[in-house]
Amino acid sequence: MFLSVFDIFKIGVGPSSSHTMGPMTAAARFLSDLRSGREKEPGAGELAALGCTLHGSLAFTGKGHATDRAVILGLSGHVPATLDPDRAEALEAEVRRTGLVTPPGLPPLRFDPESDLVFDYGPPLPGHANGMVLRAFDGAGNLYMEETYYSVGGGFVLTARELAGGTPGGAGALHDEKAAAGYPYPFGSAAEMLAMGRASGKSIAEMKWANETARHPAREVQERLDAVWQAMDDCIDRGLRMEGELPGGLRVKRRARAIHQQLLAERGSNLAQPHTVNDWLSVYAMAVNEENAAGGRVVTSPTNGAAGVVPAVLRYYRDHCIGATEDGRRRFLMAASAIGGLIKHNASISGAEVGCQGEVGSASAMAAAGLCAALGGTNEQVENAAEIALEHHLGMTCDPVGGLVQVPCIERNGLGAIKAVSAASLALRGDGTHFMPLDNCIEAMRQTGLDMSTKYKETSLGGLAVNLPEC
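Rules behind the numbers
- Residues numbered from 1 in each chain as written.
- Predicted model: local features only at pLDDT ≥ 70, side-chain atom pairs only at ≥ 80, totals over all residues.
- Heavy atoms only, no water.
- Helix = DSSP H or I, 4+ residues; strand = E, 2+ residues; numbered from the N terminus.
- Buried < 20%, exposed > 50% of the residue type's maximum accessible area, 1.4 Å probe, protein only.
- Contact = heavy atoms within 4.5 Å.
- Areas by Shrake-Rupley, 256 points an atom, 1.4 Å probe, with all protein chains shown as cover.
- Lys, Arg positive; Asp, Glu negative; His and termini not counted.
- Charge placed at Lys NZ, Arg CZ, Asp CG, Glu CD.
- Pairing = 2+ DSSP bridges.
- pLDDT = per-residue confidence, 0-100.
- Core = buried A, V, L, I, M, F, W, Y, C linked by side-chain atoms within 4.5 Å.
- Salt bridge = Lys/Arg side-chain N within 4 Å of Asp/Glu carboxyl O.
- Patch = residues over 30% accessible without salt bridge, like charges linked within 9 Å, V, L, I, M, F, W, Y side chains within 5 Å.
- Axes fitted to C-alpha atoms, helices over the stretch in contact; angles between N-to-C directions.
- Parallel < 35°, antiparallel > 145°, perpendicular 65-115°, else oblique.
- Left-handed = near helix turned anticlockwise from the far one by under 90°.
- Nonpolar A, V, L, I, M, F, W, Y, C, P; charged D, E, K, R; others polar.
- Expected span 1.5 Å × (residues − 1).

Regarding the overall build of the chain
Part 1 of the argument: If you tally the helices and strands in the chain, you get 20 helices and eleven strands.
Part 2 of the argument: By its C-alpha atoms, the chain is 70 × 55 × 45 Å across when sized along the principal axes.
Part 3 of the argument: Expressed as a percentage of the 471 residues in the chain, the buried residues total 56%.
Part 4 of the argument: Contacts spanning at least 24 positions in sequence make up 75% of the contacts within the chain whose residues lie at least 6 apart.
Part 5 of the argument: Accessible area of the chain: about 18800 Å², with a carbon and sulfur share of 52%.
Part 6 of the argument: Here the chain contributes 41 positive and 53 negative side-chain charges, whose respective centroids are spaced 3 Å apart.

Set out below in structure tokens:
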């Protein structure tokens, strides 16, 4: 198995990797097929109009996750990596006003979101909780082309045929033995990862680096990796500057800036308690997830809903840990991506599929592994750190209030970051031997997700989402 660090860490926009970035990416793929004329229906006339139907969790929480905006912008030719978040609202408004999209390389196409974008609140499509169908029509209303897509978490998108054909992970993810043969360390489990490390004498980060540089120049990989960290760091800084209420109607106030100002004022004084370091971790994570909730630029880590955990712990490493280095930062990201890839491959990182254990739980495991690696942990200690963090998120539900990635998501990222640091510290205090292997913990997470009621898997039908305070 090989899953690139840049598949795990994607630069995009909020508020959701599966409900915003995924549908936007699916729309971009559909436009590409339209441009090529692939699978055009026999006898169809000239391309004239588009339509989209959202199913399952994409329908139930689509409004809160801005899935409608994502589809509109995607069908207009925009993609998450290059979209300017500050223009998104105006771009959406123009399509709603005109009832037209004008994607590059195609004629103006009729698309009225009020009638052509349908939220289907019936049973989900069979392949995954996050399903959507995109259709194109000719001028007479005849079907021109149709494709079913599944947004499977972390911004990964699969067609129905790709999913049925066993292509987990989507574009860029190589999971079969033949495809992974070109990479020197194609481990598909934590046990294989540790065995390859022992045989080669390399760290987890070094094996990931060797995989990445097997097909791309080392300088290119390093530049892209540094760009990922820069995007994370910029997101934290912007979140620490911004004030006001988050969009969506819950009237949730941004808190990161005020907390950060308090922490800065206490520095160097006798006012700070020993546990204040937890507040620093929380405020970094909250800054990211407040930006995500506002539709800002974030990095999937491994998802948008959990995007604050890894950046918060990495910022903690840089600004608070003794002996932090640039090389340590890169080791952190490489080791973290290795763990994220294993969880993605063997279970899920989709809240709609397995609950928040697959989002914040996975992110906490990644951050714990990354910090452990950056601080000089052995491969066995890194694996142990990831297992501790994931184990103590098992069973966590995904129950966002109003379908918005705000309550409980913002604070939950802060607690996930704190758990990650605690897990890394515990692992570093031992020699790497422990009772429960990471592989078993990942499998337990998968099984727990299968057994979890749909009410608690990003549908806003149960849990905190339906236990609201009286206003």
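Quick notes on unusual backbone geometry
Part 1 of the argument: Omega for the bond connecting Ser301 with Pro302 falls within 30 degrees of zero, at 5°, which places this linkage in the cis form.
Part 2 of the argument: With respect to the element layout, Pro302 can be found in the loop between β11 (297-299) and α14 (309-320).
Part 3 of the argument: You will see that Glu458, though not glycine, has its phi angle at about 60°, which is positive.
Part 4 of the argument: Among the secondary structure elements, Glu458 is positioned in the segment after α20 (438-451).

Focus: the pairing of strand β9 (residues 156-159)
Part 1 of the argument: Residues Phe156 and Leu158 point to one face of β9 and Val157 and Thr159 to the other, with burial holding for every one of them.
Part 2 of the argument: Where strand β8 (residues 143-153) meets β9, four bridges bridge the pair, whose relative direction is antiparallel. Paired with Tyr149 across the two strands is Thr159, which belongs to β9.
Part 3 of the argument: Here β8 hands over to β9 after two residues, with Gly154 in that stretch at a positive phi of 70°.

Some points on the confidence of the model for the chain
Should pLDDT be low for a region, the predicted coordinates there are not to be read in detail.
Part 1 of the argument: Per-residue confidence for the chain gives a mean pLDDT of 95; residues scoring 70 or more make up 96%.
Part 2 of the argument: With pLDDT under 50 throughout, residues 168-175 is counted as low confidence; its partners more than four residues away or in other chains account for 24 contacts.

Considering the nonpolar core
Taken as a class, soluble globular proteins show a tendency for nonpolar side chains to be buried jointly.
Part 1 of the argument: Ranked by size, the top nonpolar core spans 93 residues in total, and within it Phe9, Met193, Met232, Val313, Ile339 and Leu371 carry the most contacts.
Part 2 of the argument: Here the element with the most residues in this core is helix α17 (residues 360-374); it accounts for eleven residues.
Part 3 of the argument: Residues within four places of Ile339 in sequence aside, it is in contact with Met193, Ala365, Met366, Ala369, Ala386 and Leu438.
Part 4 of the argument: Ranked by size, the runner-up nonpolar core spans 29 residues in total, among them Val71, Val101, Leu117 and Val157.

Notes on the pairing of strand β7 (residues 130-138)
Two faces, one strand: in a regular strand the side chains alternate between the faces of the sheet.
Part 1 of the argument: Along β7, seven of the nine residues are buried, which leaves the element largely enclosed by surrounding structure.
Part 2 of the argument: Two elements, strand β3 (residues 47-56) and β7, share nine bridges in a ladder whose sense is antiparallel. Bridge pairing in β7 links Cys52 to Leu134.
Part 3 of the argument: Note: β7 against β8, seven bridges, orientation antiparallel. Paired with Arg135 across the strands is Glu146, a residue of β8.
Part 4 of the argument: Connecting β7 to the antiparallel partner β8 that follows it, the hairpin turn spans four residues, and Gly141 within it adopts a positive phi of roughly 90°.

Focus on the pattern of salt bridges
Part 1 of the argument: Summed over all chains, the structure comprises 27 salt bridges.
Part 2 of the argument: The shortest N-O distance in the salt bridge between Glu114 and Arg96 comes to 3.3 Å. With Glu114 in helix α6 (residues 113-116) and Arg96 in helix α5 (residues 88-98), this pair connects stretches of sequence that are 18 residues apart.
Part 3 of the argument: According to the relative accessible area criterion, Arg96 is partly exposed, its value standing at 31%.

Let's talk about a nonpolar patch on the surface
Part 1 of the argument: Taken together, the side chains of Phe60, Tyr121 and Leu461 make up a nonpolar region of the molecular surface, amounting to roughly 280 Å² of accessible area.
Part 2 of the argument: Counting through the fold element by element, Phe60 comes out in helix α3 (residues 57-60).
Part 3 of the argument: Residue class for Phe60 comes out partly exposed when judged on its relative accessible area of 31%.

Some remarks on the packing of helix α9 (residues 190-200) against helix α18 (residues 379-391)
Part 1 of the argument: Close contact between α9 and α18 brings their axes to 10 Å; oriented N to C, the two are set at 165°. In terms of their interaxial angle, α9 and α18 are classed as roughly antiparallel. When you trace α9 past α18, the crossing you get is right-handed. Side by side, α9 and α18 meet where Ala190, Leu194, Gly197 and Arg198 of the first sit next to Asn379, Glu380 and Glu383 of the second.
Part 2 of the argument: Split into classes, the residues belonging to the contact of α9 with α18 amount to two nonpolar, two polar and three charged.

Some points on helix α15 (residues 326-346)
Helical periodicity: at 3.6 residues per turn, an α-helix aligns residues three or four positions apart in one direction.
Part 1 of the argument: Helix length check: α15 (21 residues) gives 31 Å between terminal C-alpha atoms against 30 Å at 1.5 Å per residue, within 8%.
Part 2 of the argument: Taken across its 21 residues, α15 has 16 buried, putting it largely inside the fold.

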